[in-house]
Amino acid sequence: MVKVIGVRFRTAGKIYFFDPLSFEIRRGDHVIVETARGIEYGTVVGDPREVAEDRVVQPLKPVLRVATKRDMEQEAANKQKEKDAFKICLEKIKKHKLEMKLIDAEYTFDNNKVLFYFTADGRIDFRELVKDLASVFKTRIELRQIGVRDETKILGGIGICGRPLCCHAHLSEFVPVSIKMAKEQNLSLNPTKISGVCGRLMCCLKHEEETYEYLNRKLPNVGDFVTTDDGFKGEVHSVNVLRQLVKVIVEVDDEKEIHEYKVEQLRFKRRHKKDKNDNMSNEELKELRELEKLEKQEKDAKSKLEDN
């Protein structure tokens, strides 16, 4: 076992382990550490604890020091400089007439490098822009092209649920999301209803996926024929997944009625689930296939925000 602390360098960013040495460090403290990008200022997200050695990326780097008042003032000054750098870079992009959207500017704590994050359709030749920026800032310049998910993670926003976006609020890493998850949760497959602010499938589809898979395994499908514990045979009209209730069309005195039962009151053989795509228009199907294609392209792509 190895004693570590978890440190983040941005809101909802990936957590990295560092050796706390003999420092008295608590959750919420700020520390100065050495990373692949240089000396960085991070926030401790948990008290020191022991973890298995195979969870730690070697070599485990030590905390250089707990942040002092001077370090905090420098971090605040860096944040102001980032705003100025963003404005300057925007002007330079216009000057060079580049088809790119600037998203964020970021200084390393030691001012050894300035990173500019941007999105663009396709590759951009920004060599002249880098030279121009280097002559202004007199330090190393890095322009990093990111995807739409990373863009949304940086900028944040409000989802259709009325809450802050998951990726900006608490998701440290993007998890693979698929159309199958929306089908499993019986959601509308209209792309506009299952897509997030970024235009990709909503990350929250993953949150309840395991629960829905477990509950759906207990239920019949709509259209299945079941036998009830009070002697009726009928066709499933609808199901309530979370409450585990099933509405069944039964025949009583030559008239059809809808009765509701708990799933434990039914006997049935589960058939293959019907494809919800059957009820979609050609335009919606086209949009859905395009969305699936984009998801497959980004499935193995890692976030470009983390390189510590």
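Details of the structure are given in the entry above.
The rules we used
- Residues numbered from 1 in each chain as written.
- Predicted model: local features only at pLDDT ≥ 70, side-chain atom pairs only at ≥ 80, totals over all residues.
- Heavy atoms only, no water.
- Helix = DSSP H or I, 4+ residues; strand = E, 2+ residues; numbered from the N terminus.
- Buried < 20%, exposed > 50% of the residue type's maximum accessible area, 1.4 Å probe, protein only.
- Contact = heavy atoms within 4.5 Å.
- Areas by Shrake-Rupley, 256 points an atom, 1.4 Å probe, with all protein chains shown as cover.
- Lys, Arg positive; Asp, Glu negative; His and termini not counted.
- Charge placed at Lys NZ, Arg CZ, Asp CG, Glu CD.
- Core = buried A, V, L, I, M, F, W, Y, C linked by side-chain atoms within 4.5 Å.
- Pairing = 2+ DSSP bridges.
- Axes fitted to C-alpha atoms, helices over the stretch in contact; angles between N-to-C directions.
- Phe/Tyr/Trp six-rings, centres within 6.5 Å; stacked < 30°, edge-to-face > 60°.

*Asks:* Explain the overall build of the protein chain to me, and be specific about the residues and the numbers.
*Replies:* If you tally the helices and strands in the protein chain, you get eight helices and 14 strands. Here the protein chain, with 308 residues, has 40% of them falling under the buried criterion. Partitioning the intrachain contacts of the protein chain with sequence separation of at least 6 by distance along the chain shows that 60% fall at a separation of at least 24. Only carbon and sulfur atoms are counted for the fraction: they give 49% of the accessible area of the protein chain, which is about 19,000 Å². With 58 positive and 55 negative side-chain charges, the protein chain shows a separation of 4 Å between the mean positions of the two kinds.

*Asks:* Explain the nonpolar core residue by residue, including any values.
*Replies:* Ranked by size, the top nonpolar core spans 17 residues in total, and within it M100, F116, L133 and L143 carry the most contacts. Counting only elements with at least two residues in this core, the list comes to α1 (69–96), β7 (101–107), β8 (113–119), α2 (127–137) and β9 (140–145).

*Asks:* Outline the sheet that holds β8, listing residues and values.
*Replies:* Strand order in this open sheet of three strands is β7-β8-β9, and the pairing throughout is mixed. Two strands lie at the open edges of the sheet, namely β7 and β9, each paired on one side alone. In this sheet, neighbouring strand axes are inclined to one another by 20° on average, regardless of whether the strands run parallel or antiparallel. Relative to β9, β8 is paired through six bridges, and the arrangement is parallel. In the strand pairing of β9, L115 is matched with E142. Across the face of the sheet, α2 comes into contact with β7, β8 and β9 while running at roughly 140° to β9.

*Asks:* Now, about the packing of aromatic side chains: what can you tell me, with residues and values included?
*Replies:* Within the structure shown, the criterion is met by five aromatic pairs. Here the aromatic rings of F9 and F18 are separated by 6.3 Å at their centres, their planes lie at 85°, and the arrangement is edge-to-face. With respect to burial, F9 and F18 carry one shared label: buried. The interplanar angle of 80° and the centroid separation of 5.8 Å between the aromatic rings of F118 and F126 together place this pair among those described as edge-to-face. For F118, a relative accessible area of 0% translates into the label buried. By relative accessible area, which is 23% here, F126 ends up partly exposed. An aromatic cluster is built from F9, Y16 and F18, whose rings are joined through pairwise contacts.

Without other data, these values stay purely geometric and don't point to any function.
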